[in-house]
Structure formats: structure tokens, C-alpha cells
Amino acid sequence: MASTFPDPRASAPAARPEADRPTRIESHGIDHIPDEDRHGHPRELFSVWAAANVNYLSLVIGGALVLMGLSLWQAFGVIVVGNLFWLLTGVLAVSGPAAGAPSEVITRALYGVRGNRVNNAVTGWTISVCYFALNLAAAAGAAFALVEKTGIHAGTGVKIVVVLLIAAATLTIGVYGHALIIRLYLPITIALAAAFGVVGYAVLRHADFGYTPDTPLTGGALWAALIGGVTLIAAGPLSYTTSADFSRYLPVTTSKRAVVGWTALGGFLPSVVVCSLGALAATVVDMTDPQTALQTMLPGWFTPVFLLSLVLGTIAINAMTAYSAGLALQAVGLRIRRSVSVLADGTVAVSLTLYALLVSNFLDTVSNVLELTVILLGPAMTVYAMDILLRRNRYDGRALMDESHGSAFWYTAGVNPAGALAVLGGAVAAALCVDTVYTSPVSHALGGVDLTLPAGMAVSALLYAVLMRGRIPAAPAGPGVSAAG
């Protein structure tokens, strides 16, 4: 994999099969995608990832960097470095065309058949549903404000209806699946880019490009803020350990460089731009309440459009989350259709959201817990990427479907000790370096510097490489096995 830039020589798109059309509910779940159902071009991945990353959360994170005490240009540097982790998301995506399977199945190679069920239950389903609920709550807040502008009081009944309508739109996309996501996300990307273009113009007119905090950070405090900021930004791409879900329909001969390039660029470019707008806005307004603060810089006629774009961006990201969470629920072992599993995910997420909005601040607790997910997601993504490199992206999709005791991925009692120990070892190393919800011993000794991300990723990569040495058999190129690229 010599380059991560899109390869213009990538294979031409094939005709879309009946099994994967935007107007039909996707028939495939976690099963292997046969060659005759493979189609498309890797450039389609750009809009899939771009639509999910032109969003409110990126504005919030960009503003948070300035609130942490960084100067504007320090914040810009952190934004670029943190978003480089989209390259890892791109690397994981290459396993989709190779295996013709989603990430939730490919990871059987890492953890074993039974071990992978635990992996999907935790990193695939539970974390995804929590993110779905948090994003839905954020979208609901913007939608409530939009409803109020029409003169309708957003009482309890109205709030319930609004949440259900947003969830219905989200789950419809998730249920119809891959083809509808591919078809819809290009116009969604264009619409969101236009809306945020107006936001960008307004922010640039008011921003203070020479901004520095009244008391600039120095020494250990500066390093703590810089590394903490990178970790905050990187948590976004690291949460997508499922990028093969959206590339698995591509032909097995698809260029790996093109898959990496279009996936990474789709996440990187909009995230950098929107995060930077958040940082610029924070130089002139109070970004502790971004939705209200940004409206002071926007023309009055545009405020409803801005609020609607926040809702649309959240629908885009949550539809992808619901889609992958549905696949994870199947991979846990539940024998249900993918469409039903997506609806089950949505039901749980909507219940959490309504409980949080109407009864308690439950999602605040969930949000605090999710701050710690980088402890697990960093090592999990690293082990996945290491497996791709060690196997040279040679995955037999049909063999991955075998869950019997005779499976090539049964390992020891259904668990691959190398994958389990690598992730657990990386998570322990990361937990010893945390300085978010709690201050770890290592962070305390370093004066508040949080090395969660590098420690977890380095330890898990080393452990997996050592423990898997000599355990990966050579796989000849053939049906369902790819060495393309």
C-alpha cells in the first residue's frame, strides 16, 4: 500500500444488482456478498463519509479546542493532526472488498468466532447505540428550536413527536441500507456543504485570526492541551471500526489505494473544515452554547436553514451508526433480519433519548462514559489495522462465514488469544494514562498530560504483532480472497 491517494486506474463501476437498489430494502446482512452482487466505484465512499462529518459535533469540538486555552493556530494544528486518524478508517475499509463481508464478520479473524461476539456486543452494538442516542438528543435540540420559531411551543408531546420523526427518517435510511446510503449521501453532502458555506462566510467575516488567550499556555499545560485536543479529534475516526460495512459491495479487484484515499478524504476534509470554523467562531463568541452563539453571526433568514442542516447532518451520521449497529447485532448471534436488527437498535436509542430529555440527565452520564471509549476503540482499531497488514489484506470471505468448531477462525475454544490479549493489554496501558473522567497515575506523574491514545495503540500493535507471529497462514489469491491494489 504505497500511497493513500485515489487511484484513477481503479476498476469501472459495475451495474447495480437487484439485491442492492435504493428503492428496495437491502437483502444482505452479515452474509458474504457474491461476486455477481459487487458493483460501484470507490469514489462513492467520499460522499458517504463526508455527509456524516459535516455536522454540529465538529463545530462543537473545534470551539472546545479554543476553550481549552489553545491559540487559534495551535487549534488549527491539532485539528489537522487529529483528523489524520481518518487514514486508519480508510485502511480498515480495504478489508471490505477483499472479504465481501462487513467489519463485524471480518473481525472473527482477530478474535475468533466466540470472541468476536463479545467484541460486537461491546464495541459494535453498545457503544454505537449510545452514540446514536447522544446524536439524536443533539438533533432534537436543534429541531425543538426550529419548532419554536414557527410559534409552536415545544412541550412534552411535541418533543416526543419530533424525536420520533427524526428517528423515523434515520431508521428508514438504515433499514433500506447500503444502496440508499450511497444514493442519498451525495446530495446530502452537497446540501450540507452549501449550508455550512454560509456559516463559514459569516464566521470568517467576524473571526479574529490573531487570537491568543489572555494567559497563553506553556510547558506541561500546553502539551496536555495539545495532546488532549488531538485525542478529542481522533476519537471521531477511531469510533468507525466498521468502515468495511460501506465498502464490501465493491468488486474484489478494486484498488486498495482508492478505497483508502476516498474513505480517508471523505472523513478528513469536512472534519478539518467544520472543526476549523468552530475554532474561528470561538475567537469571537462563547462556544459553550454553540447553537445559540452561532446564530448571533448568521443572517436572520438563515437561522431556520442552519437548524435544519444540524438535524440533517445528524440523520446522516446516525443512519450509518444504526446500519452498522444492526449488523453488529446479527454478528452477536441473533438470527434476525438486518432490517429488524436496525429497528431494534433504533428502539433502544430512542428510548434512551426520550428518557434523557424528559426524565433525567441520563445521557450526561453516558457522555462521560463515552469519553473513555478511546481506551478501548484505539486498541481495537489498531489490532484490526495490524491484522490487515499482517495478512496483506488476504481474507477468505466464505471461510469467515463458517462458525463451526472446524472453522479456520475457531482458534482456542472459539477465541483468538492474540487478539483478545492485544486489545486488553492496550486498554490497560491506555487506562493507566487517562486524564479525563479521572486522573490516572501516569497522567498525574506527567502533570496532566494524557497519553491514552498513543499508549493504547502502541501496546496493542506490539502485542498483536508478536502474538500472531507465525500464526497467519499464507492465503492464495482466488475467489473471495484479494491481493488487489
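Further up the page is the structure itself.
Caption draft 1: Region of interest: helix α12 (residues 256–281). The terminal C-alpha atoms of α12, which comprises 26 residues, lie 38 Å apart, in line with the 38 Å expected from a rise of 1.5 Å per residue. The largest bend along α12 measures about 25 degrees and falls at L265. With 20 of 26 residues buried, α12 is to be regarded as a mostly interior element. Backbone nitrogen of R257 and a side-chain oxygen of the N-cap are separated by 3.3 Å at the start of α12; the cap is S255.

Caption draft 2: Fine view of the pattern of salt bridges. In this structure the tally under the stated criterion is six salt bridges. The salt bridge partner of E26 is R248, with a shortest N-O separation of 3.1 Å. Pair noted here: E26 is in the segment before α1 (44–51) and R248 is in the loop between α11 (219–238) and α12, with a separation of 222 residues, a long-range link. For the pair E26 and R248, one class covers both residues: buried. Between R117 and E403 there is a salt bridge, and its shortest N-O distance comes to 2.9 Å. Here the residue R117 occupies a position in helix α8 (residues 113–149), and E403 occupies one in the loop between α18 (397–400) and α19 (417–431), the gap between them amounting to 286 residues. The class of R117 is partly exposed, set by a relative accessible area of 28%.

Caption draft 3: How the structure looks around the packing of α8 against helix α15 (residues 338–358). Look at α8 against α15: their axes get within 8 Å of each other, and the N-to-C directions meet at 50 degrees. For the element pair α8 / α15, the angle class is oblique. Seen along the crossing, α8 lies across α15 with a hand that is right-handed. On α15, the residues touching W125, V129, F132, A133, L136, A137, A140 and F144 of α8 are D345, V348, A349, V350, L352, T353 and L357.

Caption draft 4: Structural context of the environment of L451. Within the element layout of this structure, L451 appears in the loop between α20 (441–445) and α21 (452–467). Linking L451 and A431, residues 20 residues apart in sequence, is a C-alpha distance of 9.3 Å. With sequence-adjacent residues up to four places away left out, L451 is seen in contact with I227, C433 and L446.

Caption draft 5: Geometry of empty space enclosed by the protein. If you walk through the whole model with that rule in mind, you get three cavities of 30 Å³ or more. A volume near 110 Å³ is recorded for the largest cavity. As for the largest cavity, its lining consists of 14 residues, of which T107, N119, T123, T241 and Y384 are closest to the centre. Of all the secondary-structure elements, those providing two or more residues to the lining of the largest cavity are α6 (103–106), α7 (108–111), α8 and α17 (374–390). When residues in the lining of the largest cavity are grouped by element, the largest group, four residues, is from α8.

Caption draft 6: Structural context of unusual backbone geometry. Of note in the backbone geometry, N393 takes a positive phi value of approximately 60 degrees without being a glycine. Mapped onto the secondary structure, N393 falls in the loop between α17 and α18. A residue is classified by how much of its surface remains accessible, and N393, at 3% relative accessible area, is buried.

Caption draft 7: Here's a closer look at the packing of aromatic side chains. All told, the structure shown has nine aromatic pairs when counted by the stated rule. Geometrically, the ring pair formed by W301 and F302 is edge-to-face, given 5.5 Å between the ring centres and 75 degrees between the ring planes. A relative accessible area of 61% means that W301 is categorised as exposed. Here the aromatic cluster, defined as three or more aromatic residues joined through ring pairs, consists of W49, W86, Y240, F246 and Y323.

Caption draft 8: Fine view of α19. The end-to-end C-alpha distance of α19, which contains 15 residues, comes to 21 Å, matching closely the 21 Å that a straight helix rising 1.5 Å per residue would cover. Restricting attention to buried positions, one finds in α19 the residues A418, G419, A422, V423, G426, A427, A429 and A430. With its buried residues spanning 165 degrees around the axis, α19 presents them on a single face. Among the exposed residues of α19, those pointing more than 90 degrees away from its buried face are L424 and V428. Residues of α19 that are buried sit in contact with α7, α17 and α21.

How each quantity is defined
- Residues numbered from 1 in each chain as written.
- Predicted model: local features only at pLDDT ≥ 70, side-chain atom pairs only at ≥ 80, totals over all residues.
- Heavy atoms only, no water.
- Helix = DSSP H or I, 4+ residues; strand = E, 2+ residues; numbered from the N terminus.
- Expected span 1.5 Å × (residues − 1).
- Bend = angle between axes of the 7 residues up to and from the residue.
- Buried < 20%, exposed > 50% of the residue type's maximum accessible area, 1.4 Å probe, protein only.
- Polar contact = N/O pair within 3.5 Å; in protein donor to acceptor, adjacent residues only side chain to side chain.
- Salt bridge = Lys/Arg side-chain N within 4 Å of Asp/Glu carboxyl O.
- Axes fitted to C-alpha atoms, helices over the stretch in contact; angles between N-to-C directions.
- Parallel < 35°, antiparallel > 145°, perpendicular 65-115°, else oblique.
- Left-handed = near helix turned anticlockwise from the far one by under 90°.
- Contact = heavy atoms within 4.5 Å.
- 1 Å grid on protein atoms, 1.4 Å probe; cavity = no way out; pocket = protein on both sides within 12 Å on 5 of 7 lines; lining within 4 Å.
- Points joined across faces, edges and corners; volume = space filled by probe spheres on them.
- Phe/Tyr/Trp six-rings, centres within 6.5 Å; stacked < 30°, edge-to-face > 60°.
- Arc of directions from axis to C-beta.

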